[in-house]
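Residue-level listing of the chains:
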Amino acid sequence: MAKPILLSVDDDADVLRAIERDLRSQYGADYRVLGSGSPESALDLLKQLNLRSDNVALLLADQRMPRLDGVHFLQEAMRIYPEAKRALLTAYADTTAAIGAINEASIHYFFMKPWDPPAEHLYPQLDDLLEDWQASHHPAYSGIRVLGTRWSPRSYELRDFLARNHVPYQWIDVEISASDPETKLLLETLGPEATSLPVVLFPDGTKLLESTPAQVAQKVGLRTRAQTSFYDLAIIGGGPAGLAAAVYGASEGLHTVMVEREAPGGQAGMSSRIENYLGFPAGLSGGDLARRAVVQAQRFGVEIIAAEASGIRTEGPYRIIQLADGSEFSCHALMIATGVQWRRLEAPGIDRLQGAGVYYGGGATEAISCAGETVYVVGGANSAGQAAMNFAKYAGKVVILVRGSSLSSTMSQYLIDQINETPKISVWAHASVTEVHGEMHLEEISVLCSDTGKIERVPANSVFIFIGALPRTDWLAGVVERDDRGFLLTGPDLVADGGRPKGWTLERDPFLLETNVPGIFAVGDVRHGSVKRVASGVGEGSVAVQFIHQYLSKVQ
Ligand SMILES: Cc1cc2nc3c(=O)[nH]c(=O)nc-3n(C[C@H](O)[C@H](O)[C@H](O)COP(=O)(O)OP(=O)(O)OC[C@H]3O[C@@H](n4cnc5c(N)ncnc54)[C@H](O)[C@@H]3O)c2cc1C
């Protein structure tokens, strides 16, 4: 953590130099000593220090300065750093004014000029003040701060990105905390820039306005481009299947890169509690599983890129991957592990209010914001059940909307039991959302009750949608064969009629998890016929690496 600051302000350059010299020689080891020749520039400096979350321990100001005297400067500075110790430097003639200031303007001490010898007239008193400060001050939050509003889709996207990538940050909702003096000051310091939300403030004093996850990724050191032009194995998608392939591939000596457009963990990363993954009898959160897998992969030297793959082509034995930013790299073996994404709910208002009360998936970052409110969860599968259990920790009430008559045909019994034992959760059967309403954010939803044929309109702040998922594989069209829903065909699917895939040139059939292009494999939920489970994704990702070794042993 940066050293706390001692700031002295004096318009007389000689006096300023002398006080800085004395402060530095006595306190330089533990504090950063700064000086300013005018109260106005000192106030600007304090605002900038505050943006960077620096701590200021002492403000020492000369009383006689032409445009703003010491007392008034210290009063202004107190708004920015209320905890800093405030002291005046005065001439003998100003003693009475200084004593008055101590009483009236909350100034902690005054020093008389000249202060020689400092060991007698300066340090003992400053030691006292600084000890006091050390004992009582609360260090400012020194990490990344995100300023935005709860109902802004862009703020939501950014917070979700940071949370899922395990980047710690402090969230400041500028509407909710508008009257908080610290927020007020931050907004005032940002001036007109405060309207370019979300604003991200970094500890090094830099900031990003209207920032996107990609910009923040770059700034926080997540790689967004490949470091080299060629890899033995490239994996697209960092869910359980991709992460398992990365760990096995790299641990077995393959130069491996993994491209993930949102956050490692994939769908599993959204799960609040995975209870059926072998070896974790008490369950574990998807975020935890993802974090451990990322550490494991990195330990074996996997390069992880925060980017979206947008195209592929083949050139002889090379498989070339294009990223959304236009950059490219190539590899010998390519593994597609892009899983599935939530199916959209087709209803008026849904697209407009997405991120502003309407969310797809777990909404881990939103759960806390829903404290005390009623939360609607749409869907009857395990993912909806897990989310309902998670929201029940914070929300006042959770309502699961299901089209069928109950959860029993779509959800595991262990989750149904947990839901039945949670009084905050209720199930609204025969119900489907037909429209969502609200100007700036979600305010109401219309629900069709299929048993009565009636539409009910109820107040709602948050709806979380879990209605099945589909792969998004358009970017592979024309190269990799897909079924009519976009899932990738592999191994036996491609030789079902006894022949080999069109354009296949090798003497062997495609391997079990290989697509119609030699050296391009598909694993996990994106694969046609896959079992949609964490363990099966992990299994496929691991097994595919064996086929990759066989493929690489023959590739020219
Ligand atoms: C809320 C929830 C709870 C669940 N609970 C359980 C459970 O308790 N037990 C269980 O066994 N299973 C559970 N599942 C299912 C399980 O999570 C999935 O089967 C598993 O995550 C599939 O892994 P995957 O690696 O194939 O794909 P995914 O997990 O879908 O990961 C695919 C990754 O690829 C990335 N990606 C996609 N396209 C691109 C691209 N073009 N460029 C770069 N990256 C891309 C995505 O961002 C994503 O991170 C749950 C799923 C959900 C949603």
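No experiment lies behind these values; they were computed from the predicted model shown. (Residues numbered from 1 in each chain as written. Predicted model: local features only at pLDDT ≥ 70, side-chain atom pairs only at ≥ 80, totals over all residues. Heavy atoms only, no water.)

Undergrad: An account of the overall build of the protein is needed here, citing residue identities and associated values.
TA: Counting its secondary structure elements, the protein contains 15 helices and 26 strands. For the C-alpha atoms alone, the extent of the protein along its principal axes is close to 105 × 65 × 40 Å. Of all 556 residues assigned to the protein, the portion counted as buried reaches 53%. Taking the intrachain contacts of the protein between residues at least 6 apart in sequence as the baseline, contacts between residues at least 24 apart amount to 64%. In the protein, the 49 positive side-chain charges and the 66 negative ones have mean positions that sit 5 Å from each other. (Helix = DSSP H or I, 4+ residues; strand = E, 2+ residues; numbered from the N terminus. Buried < 20%, exposed > 50% of the residue type's maximum accessible area, 1.4 Å probe, protein only. Contact = heavy atoms within 4.5 Å. Lys, Arg positive; Asp, Glu negative; His and termini not counted. Charge placed at Lys NZ, Arg CZ, Asp CG, Glu CD.)

Undergrad: An account of unusual backbone geometry is requested, with residue identities and associated values reported.
TA: For the peptide bond that leads from lysine 113 to proline 114, omega is -10°, which places it in the cis range. Here proline 114 lies in the loop between β5 (109-112) and α5 (118-121). Proline 117 follows aspartate 116 through a cis peptide bond whose omega is -15°. Looking at the secondary structure, you find proline 117 in the loop between β5 and α5. Here serine 53, not a glycine, exhibits a phi torsion of approximately 65°, which is positive.

Undergrad: Could you give me a rundown of the layout of surface pockets, with the residues and numbers involved?
TA: The volume enclosed by the second largest pocket comes to roughly 500 Å³. Lining the second largest pocket are 27 residues, and of these Asn50, Ile80, Pro82, Ala140 and Glu182 lie nearest its centre. Elements that contribute at least two residues to the lining of the second largest pocket include exactly α3 (70-80), β7 (169-173) and α8 (181-190). Class assignment of the residues belonging to the lining of the second largest pocket gives a composition of 13 nonpolar, eight polar and six charged. (1 Å grid on protein atoms, 1.4 Å probe; cavity = no way out; pocket = protein on both sides within 12 Å on 5 of 7 lines; lining within 4 Å. Points joined across faces, edges and corners; volume = space filled by probe spheres on them. Nonpolar A, V, L, I, M, F, W, Y, C, P; charged D, E, K, R; others polar.)

Undergrad: Provide a residue-level description of the packing of helix α2 (residues 39-51) against α8, including the pertinent values.
TA: Interhelical geometry of α2 versus α8 gives an angle of 115° and a closest axis separation of 10 Å. Considering how the two elements wind past one another, α2 and α8 form a crossing that is left-handed. Residues Lys47, Gln48, Asn50 and Leu51 of α2 lie in contact with α8, whose contacting residues are Leu185, Leu186, Glu188, Thr189 and Leu190. Here the contact of α2 with α8 is built from residues that sort into four nonpolar, three polar and two charged. (Axes fitted to C-alpha atoms, helices over the stretch in contact; angles between N-to-C directions. Left-handed = near helix turned anticlockwise from the far one by under 90°.)

Undergrad: An account of the sheet that holds strand β3 (residues 56-62) is needed here, citing residue identities and associated values.
TA: Ordered in space as β2-β1-β3-β4-β5, the five strands form an open sheet in which the pairing is parallel. Every interior strand has two partners, whereas the edge strands, β2 (32-36) and β5, have only one. Across the sheet, the mean angle from the axis of one strand to that of its neighbour is 20°, orientation sign disregarded. Pairing geometry for strand β1 (residues 5-9) and β3, over five bridges, is parallel. (Pairing = 2+ DSSP bridges.)

Undergrad: So, the site of the ligand: which residues are in play, and what are the values?
TA: The environment of the ligand is formed by 34 residues, the closest being Glu260, Gln267, Asn276, Gln386 and Asp525. Glutamine 386 is positioned with one of its side-chain polar atoms (N or O) 2.8 Å from an oxygen atom of the ligand. Arginine 533 places a polar main-chain atom, nitrogen or oxygen, 3.2 Å from an oxygen atom of the ligand. Taking 1,000 Å² as the accessible area of the ligand by itself, protein coverage stands at 96%. Of all the elements in the fold, those that place two or more residues in the shell around the ligand are α10 (240-251), β11 (256-260), β16 (341-342) and α13 (382-391). Classifying every residue of the shell around the ligand gives 14 nonpolar, 13 polar and seven charged. (Near = heavy atom within 4 Å. Polar contact = N/O pair within 3.5 Å; in protein donor to acceptor, adjacent residues only side chain to side chain. Areas by Shrake-Rupley, 256 points an atom, 1.4 Å probe, with all protein chains shown as cover.)

Undergrad: So what's going on with the side chain of serine 155? Residues and values would help.
TA: Topologically, serine 155 is positioned in helix α7 (residues 153-164). The buried category is assigned to serine 155, whose relative accessible area is 0%. Beyond its immediate sequence surroundings of up to four residues, serine 155 is in contact with Gly148, Thr149, Trp171 and Pro198.

Undergrad: Can you lay out the nonpolar core for me, pointing to particular residues and giving the numbers?
TA: Of all hydrophobic cores here, the largest spans 50 residues; its most connected members are Tyr376, Val377, Leu401, Trp428, Ile445 and Ile465. With residues near it in sequence (within four places) discarded, tryptophan 428 still touches Tyr376, Val399, Ile400, Leu401, Val402, Val447, Cys449, Glu456 and Val458. With 29 residues, the next largest nonpolar core counts Val302, Phe511, Leu513 and Leu552 among its residues. (Core = buried A, V, L, I, M, F, W, Y, C linked by side-chain atoms within 4.5 Å.)

Undergrad: Just give me the short version of the environment of glycine 301, but keep the residues and values in it.
TA: Relative to the helices and strands, glycine 301 is located in the loop between α11 (286-299) and β12 (303-306). Expressed as a C-alpha distance, the spacing of glycine 301 and valine 220, which sit 81 residues apart in the sequence, is 19 Å.

Undergrad: I'd like a description of the pattern of salt bridges, backed by residues and values.
TA: Taken as a whole, this structure holds 26 salt bridges when the rule is applied. For the salt bridge of lysine 219 with aspartate 204, the shortest nitrogen-to-oxygen distance reads 2.9 Å. Taken as a pair, lysine 219 in helix α9 (residues 213-219) and aspartate 204 in the loop between β8 (199-201) and β9 (207-208) lie far apart in primary sequence, 15 residues in all. Owing to a relative accessible area of 34%, lysine 219 belongs among the partly exposed residues under this scheme. As a salt-bridge pair, glutamate 514 and arginine 508 come within 2.7 Å of each other at their nearest N and O atoms. Taking relative accessible area as the criterion, glutamate 514 reaches 0% and is therefore assigned buried. A residue is classified by how much of its surface remains accessible, and arginine 508, at 22% relative accessible area, is partly exposed. (Salt bridge = Lys/Arg side-chain N within 4 Å of Asp/Glu carboxyl O.)

Undergrad: Which residues make up the packing of α13 against helix α14 (residues 413-420), and what values go with them?
TA: A pair of packed helices is characterised by two quantities: the angle between their axes and the separation of those axes. One can describe the packing of α13 onto α14 by two numbers: an axis separation of 10 Å at closest approach and a directional angle of 30°. With respect to each other, α13 and α14 are oriented roughly parallel. Between α13 and α14 lies a crossing of left-handed hand. Residues Asn382, Gly385, Gln386 and Met389 of α13 form the contact with α14, whose participating residues are Tyr414, Leu415, Gln418 and Ile419. (Parallel < 35°, antiparallel > 145°, perpendicular 65-115°, else oblique.)

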